[in-house]
Amino acid sequence: MGTISLPVRCDRAAAEALWPELVGAVGNAPIEIDGSGVEHVGQAVLQLLVSARRSGGGARIEASPALLQAAALTGLQSELFEEGDA
Amino acid sequence: MSPEEIQQIFFVECEESLAAAEAGLAACRAGTQDTDTVNGVFRAVHSIKGGAGAFGYGALQAYTHTFETLLSDVREGLVEIAPPLIDLLLRALDTLADHVEAAREGGDAPDDAGLITEMEGAMAANAGNAPQSAAPAPSPVEEPVQADAPEATEGDDEEDLEIDLDALLDDLTADFDAPGSPAEAPQGASWQLHLRPRAGAMRNGNEPLLMLRDVAELGGTCLHCDVGQVPQLDSFDVAQGYLGWTFAIPDTVTEERVRDIFDFIGDDCAIAVGADERIPDVELDEAATSTAAPSPAVAAPNGPAQPHDAAIPAPDEARPLQSVDAPSPVVPDANTPPTGGKPAAAAGAQPASQGAGQSIRIDLYKLDRLIDLVGELVIAQAMLVQRLDGVHVNASEELSLLESLTRDIQESAMSIRAQPIASVFSRVPRILRDLATSTGKHVRLEVHGETTELDKTVIERLGEPLTHLIRNAVDHGIEKAEDRIAAGKSPEGTLTLSAEHRSGRIVISISDDGAGINRKVVLAKAIEKGIVGPDAQLSAEEIDNLIFAPGFSTAAQISNISGRGVGMDVVRQNVKDLGGRITIESTPGKGTAFILTMPLTLAISDGMIVNVGDQTMVVPLAHVVESLRPGEGDVKGLGSQRQMLNVRGQFIPVITLGSELGAACNATTPEEGVLIVVDTESAGQAALLVDDIQDQRQFVIKSLATNFRPVEGVAGATILGDGRVALIVDVDGLVACALPSHERQAA
């Protein structure tokens, strides 16, 4: 299964575009999500990532500093990035 | 989207905010002083302030800041809502409107020093009486919108509001330094803030994370993020807000300081405060539900769902709230109970207001283009009917279906342009306040039917005549307080505005409870000005209509209120230009009502298609009273020139349409043709003689003045089904022109 890349701007429009892609990728194996290029992120994408982590085989997210920062602000680091916590 | 365009949106939103604030304050004055109303006013002023800051309108921002601070005191209950305060707030709002105007036009900011002092006085003066005197006045709110917003907009073309979001997101990552990691307990004493942004908090460029950042900047630390409500991907709805947070806020930060951050989005973020409270429940917003395909597996990966289309309601019962009793592992505080235990039971309890305002902004040009095309469609449809008629094709069922569809399309297109007349009526309180200041007459306003809709162009052009009529009503109609008391009336006058739809037209009435028209004075003045002859015998209605005569003004001294060079004749002309009519109903001692009958639209109208010689002409249906074929003796000669038609005992002049417009009329005597009785503004009723009546149908109005030149007696032209051009008769102009004033109806 390929990696799903997050766009630079993870705003609500991005969440709308990502959702079907993520739904299509749900399976037994974790979804690979590449967030290394993310520079901006909002609640819509954060909660979508949480959902992806909790669906099917979970998700592995590669984070950019901006994504980590947003996760720190919202108390979501372990929810989003800890291994084996899906 | 260019910064100018964004700025334009800001000013449109300013207008909306001003109208909302005006409505809120009016409600306060009427006795509705609940939290929602006051909050609404606060939010309106606050959003103007936010935009003013973003676009660098310093004067506007500084002024709104003072205004907002006072409103904040009102909202907190620190300042009591009393009539003098509402008056002050209304005056402050008027000046705010002037500020916005100055910002938009690039003019000088209005002199607001006095008002600012007054507002500050109202804050300080009441501080001692405050029920919660311990709470300090709220400190200036940190502006969430940065001044560089317009510059950061390249890249986005369509989504107006996303733009702000991008700039704001830039901000979020650029400026954010988390003060301490969330795992650490905050230093010193703290209190707890629980919040859950709802769907609306993520719409329109709002971003909950920005508010969290503001909270963090005040020293707030995230204790817990509730992820228990986030559903699995297959039942996930991008438009909803699923996350909730508990933040620890240092005791040094007041609650209102924090609440100020969330004021901007109002009810779209549920907030609870205190260690015994918990994160508010999820409330799914059905209206916000994204319309992604119901079966997500087949949805195109690159086809983002439309965020604002609410056509498909959220299948609530089919949306399992996953793992409802699985609180996140990061719960360091035992005081925060898991919120998952109570699923979203209150989804229906949310006020309907959230879903009500689904709208988009459309470039007016696109809309006008659509209306134009619909006009062409109406013509093409008429052409088709005529062509098929010519070759005797019997397809009446299909044709009538096509006709009814065309009419439906036309009505829908018109309804897109339609706006509630409230946008005109909402300016009236301001006019009355200004008038109260200059004339000393206090007038109570009653408004009915403000939701009545009519065409945007009509609304825009209605403002001026309406303003003049209102000024006139207050200046000339409503008496001075002492005269009113002497007449046994309440010292405060009442002005009633109403609007309603009546048989395809809109009827707007402006009535006062003043002295009524003094007909003696009006007649004397008209004779003095040579408008009518000294021995003219005029009916009461005709005397009333004299005030529309050019050059007429009865005020003994020309006041600067209504006597500013624009007479009632101009008002009538304005109304006439809009295809409307104005009539007066006046009762001495009881008051005067001006009644405007306006078309719903300027583009398409109903008319009677008539034949005059070899010409086809259109008589707008709005003027037509009846049509008849006169019998023997119904028409009497009056002198050598004029013929009068006897309609049930009333004689009205007959005008031969053909001879007036230079077309040879086949019917030379009324008995040979058809008489159409029409009603006019200035000359009462008249009967137009035509050869025969062809049809009655819709016609698309094309301006003669734009495409050719203005022609007396002709209001415009239209294209007939066979492609020929037919002239639209300007009934008012034609009758007035054909009849010398002494020969008009009652002569």
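Residues numbered from 1 in each chain as written. Chains lettered and ligands numbered in written order. Predicted model: local features only at pLDDT ≥ 70, side-chain atom pairs only at ≥ 80, totals over all residues.

S.K.: So what's going on with the overall build of chain A? Residues and values would help.
M.R.: When its secondary structure is counted, chain A shows four helices and five strands. For chain A, the N- to C-terminal ordering of α and β elements is β-β-α-β-β-α-β-α-α. Buried positions account for 58% of the 86 residues belonging to chain A. In chain A, the share of contacts with a sequence separation of at least 24, taken over all contacts with a separation of at least 6, comes to 83%. (Helix = DSSP H or I, 4+ residues; strand = E, 2+ residues; numbered from the N terminus. Buried ≥ 20, exposed ≤ 12 C-beta atoms within 10 Å, placed from the backbone. Contact = placed C-beta atoms within 7 Å.)

S.K.: Lay out the overall build of chain B with the relevant residues and their values.
M.R.: Helix and strand content of chain B: 21 helices and 22 strands. Across the 747 residues that make up chain B, the buried fraction comes to 38%. Here the contacts in chain B between residues at least 6 apart in sequence split such that 71% fall between residues at least 24 apart.

S.K.: Before we move on, could you go through the nonpolar core and cite the residues and values that matter?
M.R.: Among the nonpolar cores identified, the biggest contains 68 residues, and L22(A), V45(A) and L48(A) are the most heavily contacted of them. By residue number, the principal contributor to this core is helix α1 (residues 12–25) of chain A, which donates eight residues. Residues within four places of L22(A) in sequence aside, it is in contact with I4(A), I31(A), L48(A), A52(A) and L233(B). Formed by 45 residues, the second largest nonpolar core is a distinct cluster that contains I371(B), A413(B), F699(B) and I701(B). (Core = buried A, V, L, I, M, F, W, Y, C linked by C-beta atoms within 7 Å.)

S.K.: I'd like a description of the environment of S47(B), backed by residues and values.
M.R.: With respect to the helices and strands, the residue S47(B) is situated in helix α2 (residues 35–54). Taking the C-alpha atoms as reference, S47(B) lies 9.5 Å from D263(B); in sequence the two are 216 residues apart.

S.K.: Can you tell me about the packing of α2(B) against helix α3 (residues 58–75) of chain B, naming the residues and giving the values?
M.R.: All names here are of chain B. The geometry of α2 relative to α3 is characterised by a closest axis approach of 9 Å and an angle of 155° between their N-to-C directions. Our classification of the angle between α2 and α3 gives roughly antiparallel. As α2 packs across α3, the resulting crossing turns out to be left-handed. Only L60, Q61, T64, H65, F67, E68, L71, S72, V74 and R75 of α3 make contact with α2, whose side of the interface consists of V38, N39, V41, F42, V45, H46, I48, K49, A52 and G53. Looking at the contact of α2 with α3 residue by residue, the class counts come to ten nonpolar, seven polar and three charged. (Axes fitted to C-alpha atoms, helices over the stretch in contact; angles between N-to-C directions. Parallel < 35°, antiparallel > 145°, perpendicular 65-115°, else oblique. Left-handed = near helix turned anticlockwise from the far one by under 90°. Nonpolar A, V, L, I, M, F, W, Y, C, P; charged D, E, K, R; others polar.)

S.K.: How would you summarise the confidence of the model for chain B if you had to cite specific residues and measurements?
M.R.: Residues and elements named next belong to chain B. Residue-level pLDDT values for chain B average 75, and 77% of them are 70 or greater. Throughout residues 291–356 the model reports pLDDT below 50, and contacts reaching past four residues in sequence, or to other chains, amount to 118 contacts. Scored below 50 in pLDDT, residues 556–565 shows 15 contacts in the model against residues more than four places distant or in partner chains. The complex prediction reports pTM at 0.48, with the ipTM value standing at 0.92. (pLDDT = per-residue confidence, 0-100.)

S.K.: Quick one: what's the story with the sheet that holds strand β13 (residues 615–620) of chain B, residue by residue and with numbers?
M.R.: Residue and element names in this part refer to chain B. Pairing within the open sheet is mixed, and its five strands lie in the order β20-β12-β13-β22-β21. Single-partner strands in this sheet number two, and they are β20 (692–700) and β21 (714–719). Across the sheet, the mean angle separating the axes of adjacent strands is 35° when strand polarity is ignored. Bridging between strand β12 (residues 604–612) and β20 involves eight bridges; their strand directions are antiparallel. Residue pairing for β20: V610 is matched across the bridge by I693. (Pairing = 2+ DSSP bridges.)

S.K.: Any details on the environment of I508(B)? Residues and values, ideally.
M.R.: Summarising the element assignment, I508(B) is placed in strand β9 (residues 505–512). Residues I508(B) and H448(B), 60 residues apart in the sequence, show an inter-C-alpha distance of 9.8 Å.

S.K.: Kindly report on unusual backbone geometry, identifying the contributing residues and their values.
M.R.: Residue and element names in this part refer to chain B. If you check the backbone angles, R648 has positive phi at about 45° while not being a glycine. Residue placement: R648 occurs in the loop between β16 (642–647) and β17 (650–656). Classification of R648 by C-beta neighbours within 10 Å gives exposed; the count is 4.

S.K.: I'd like a rundown of the sheet that holds strand β4 (residues 269–273) of chain B, residues and numbers included.
M.R.: All names here are of chain B. Here four strands make up an open sheet; going across it, the order is β2-β3-β1-β4 and the pairing antiparallel. Two strands lie at the open edges of the sheet, namely β2 (221–226) and β4, each paired on one side alone. Sheet twist, expressed as the mean angle between neighbouring strand axes with direction ignored, is 20°. Across five bridges, strand β1 (residues 190–197) lies against β4 in antiparallel orientation. Paired with L193 across the bridge in β4 is V273.

S.K.: Lay out helix α8 (residues 255–263) of chain B in plain terms, naming residues and giving numbers.
M.R.: Looking at α8(B), one finds that the buried residues are V258(B), D260(B), I261(B) and F262(B). Lining the buried residues of α8(B) we find β1, α7 (208–217), β3 (244–250) and β4 of chain B.

S.K.: Hey, could you go over α7(B) for me, with residue numbers and the actual values?
M.R.: Counting buried positions over the ten residues of α7(B) gives eight, a clear majority of the element. G219(B) lies just past α7(B) and shows a positive phi near 105°.

S.K.: Let's hear about the packing of helix α13 (residues 428–439) of chain B against helix α14 (residues 456–477) of chain B: which residues, and what values?
M.R.: Residue and element names in this part refer to chain B. The geometry of α13 relative to α14 is characterised by a closest axis approach of 10 Å and an angle of 35° between their N-to-C directions. Seen from above, α13 lies across α14 with right-handed handedness. Between α13, through V428, I431, L432, L435 and T439, and α14, the contact on the second element is made entirely by T467, I470, R471, V474 and D475. Residues that form the contact of α13 with α14 fall into these classes: six nonpolar, two polar and two charged.

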